[in-house]
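Now for the letters of each chain:
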Amino acid sequence: MNGLDTLRSALRSLRANRMRSALTTLGIVIGIAAVITMLAVGEGARRQVAEQMKSLGTNLMLVLPGTVTSGGVRLGGASRDSLTEADVLAMRAEIADVAAAAPALRGSGQVVYGNQNWSTQLYGIDADYLVARDWRIERGRAFDDNDLHGNAKVALVGETVAQMLFGGTDPTGLTIRVKGVPLTIVGLLGGKGQNVMGQDQDDIVLIPLGTARGRLLGQSLGRPDSVNNVTVKMADGVDMRAAEAQVRALLRQRHRIQPGQDDDFNIRNLSEIVQAEQASSNALSALLAAIASVSLIVGGIGIMNIMLVSVTERTREIGIRLAVGARRRDILTQFMVEAVTLSVLGGLVGVALGLGGGLLVQRLFDWPVAFQARAVLLAVVSASAVGIFFGWYPARQAARLTPVEALRHD
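Residues numbered from 1 in each chain as written. Predicted model: local features only at pLDDT ≥ 70, side-chain atom pairs only at ≥ 80, totals over all residues. Heavy atoms only, no water.

**Student:** How would you sum up a nonpolar patch on the surface? Please name residues and give values.
**Tutor:** A cluster of nonpolar residues, Met19, Leu23, Leu26 and Ile30, forms a patch on the protein surface that exposes about 420 Å² of accessible area. Note on placement: Leu23 falls in helix H2 (residues 18–56). Classification of Leu23 as exposed rests on a relative accessible area of 54%. (Patch = residues over 30% accessible without salt bridge, like charges linked within 9 Å, V, L, I, M, F, W, Y side chains within 5 Å. Areas by Shrake-Rupley, 256 points an atom, 1.4 Å probe, with all protein chains shown as cover. Salt bridge = Lys/Arg side-chain N within 4 Å of Asp/Glu carboxyl O. Helix = DSSP H or I, 4+ residues; strand = E, 2+ residues; numbered from the N terminus. Buried < 20%, exposed > 50% of the residue type's maximum accessible area, 1.4 Å probe, protein only.)

**Student:** Just give me the short version of helix H6 (residues 159–166), but keep the residues and values in it.
**Tutor:** Of all the positions in H6, only Thr160, Val161, Ala162, Leu165 and Phe166 are classed as buried. At its buried positions, H6 is contacted by strand E4 (98–113), strand E5 (116–125), strand E7 (154–157), strand E8 (175–178), strand E9 (181–189) and strand E10 (204–208). Two residues or fewer after H6 comes Gly167, characterised by a positive phi angle close to 65°. (Contact = heavy atoms within 4.5 Å.)

**Student:** Give me the lowdown on the packing of aromatic side chains, citing residues and values where you can.
**Tutor:** Per the counting criterion, the structure on display carries 2 aromatic pairs. Note on Tyr123 and Tyr129: the rings are 6.1 Å apart at their centroids and 45° apart in plane angle, and the pair reads as tilted. By relative accessible area, Tyr129 is classed as buried at 3%. (Phe/Tyr/Trp six-rings, centres within 6.5 Å; stacked < 30°, edge-to-face > 60°.)

**Student:** Describe in detail empty space enclosed by the protein, supporting the description with residues and values.
**Tutor:** Counted under the stated rule, the structure contains 1 cavity of 30 Å³ or more. Of the voids in this model, the largest cavity is the one considered here, and its volume is about 50 Å³. Taken together, Ile36, Leu39, Ala40, Glu43, Ala370, Phe371, Gln372, Ala375 and Val376 make up the lining of the largest cavity. Here the element with the most residues in the lining of the largest cavity is H2; it accounts for 4 residues. Partitioning the lining of the largest cavity into residue classes produces 7 nonpolar, 1 polar and 1 charged. (1 Å grid on protein atoms, 1.4 Å probe; cavity = no way out; pocket = protein on both sides within 12 Å on 5 of 7 lines; lining within 4 Å. Points joined across faces, edges and corners; volume = space filled by probe spheres on them. Nonpolar A, V, L, I, M, F, W, Y, C, P; charged D, E, K, R; others polar.)

Note that all results are geometric; they support no functional claim without further evidence.
Encoded structure:
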């Protein structure tokens, strides 16, 4: 028998027991569908985390003021005005791999436009802030040198603030009031969505640092050039641990911190958070795939069971084939083709159900899913491998029968 004849014979045998064949493939169908759906859900979660991390910016460190102890009581993080604009200038000048170092003053306030108002975050920034955060301007323009050095009363607003105050209209050129100070909107920030903590990054108003310090957010009496935090963006390809060590050494030197003394600042390496989140997402995807793969093993055992039953039922048929000249490898091939055909058909049905299941999860639970061509290909290959692995033993049992023993079988 040639390959085509073998395939036809296998299909005829499967059609002779349609219900049994369908039930046999059910395990494969469920396994493949589960694998594809779970991989799509896991990949969707991974991409969502990656997108949230990307919205923060890449290769970032966040430098925060340290703690202060008063009367034996530690007052918590950022309770000391230990970071200044001079520190920022030193980072830019003395650390070669710094792509941007962005000081910021942070506060909150009520923003008013006409009869509309909205409570939001206020940030005093300089030119490096948008570079460090990879934040684009959707409409209008960014702050120029005149805005920054002249303490101009201008602002950039996030999408959430623009929506709450202006609806769908373009806010550029309009004037808002923050703590009684009129600010002209020169640009609308592109959307970033929520960060990994669930905070709306678009609920923000950016103001030139000098304007924020002098007119809106005030300044520290002890350190007139102090800032609340510094966002440091390193060049691509830089070892972030080594970069963190450089920033720490520079600040300890500038702040005259002696060996053995605690830092008066904190550094949060956001790249480590990104790596941890990605590792968690990959582990979740692997776990979901492993759980779903159990169904494939169960389906493969079902195929082996049914094929063994089929060998027993068709023993006389096998004897007749051997008696009229069929070779053992022909018998082996026929039963292997039947097992693989069952697996592949079940795999194709499982692929269709898996794609539909992923879309159903997305619609019902509003969960991001992402289908991958390699996942579908892997599912089909896995189905074929299951058929070969679990079909080989029954096929071998059939091929090892002798014509006399097979013909004498009742």
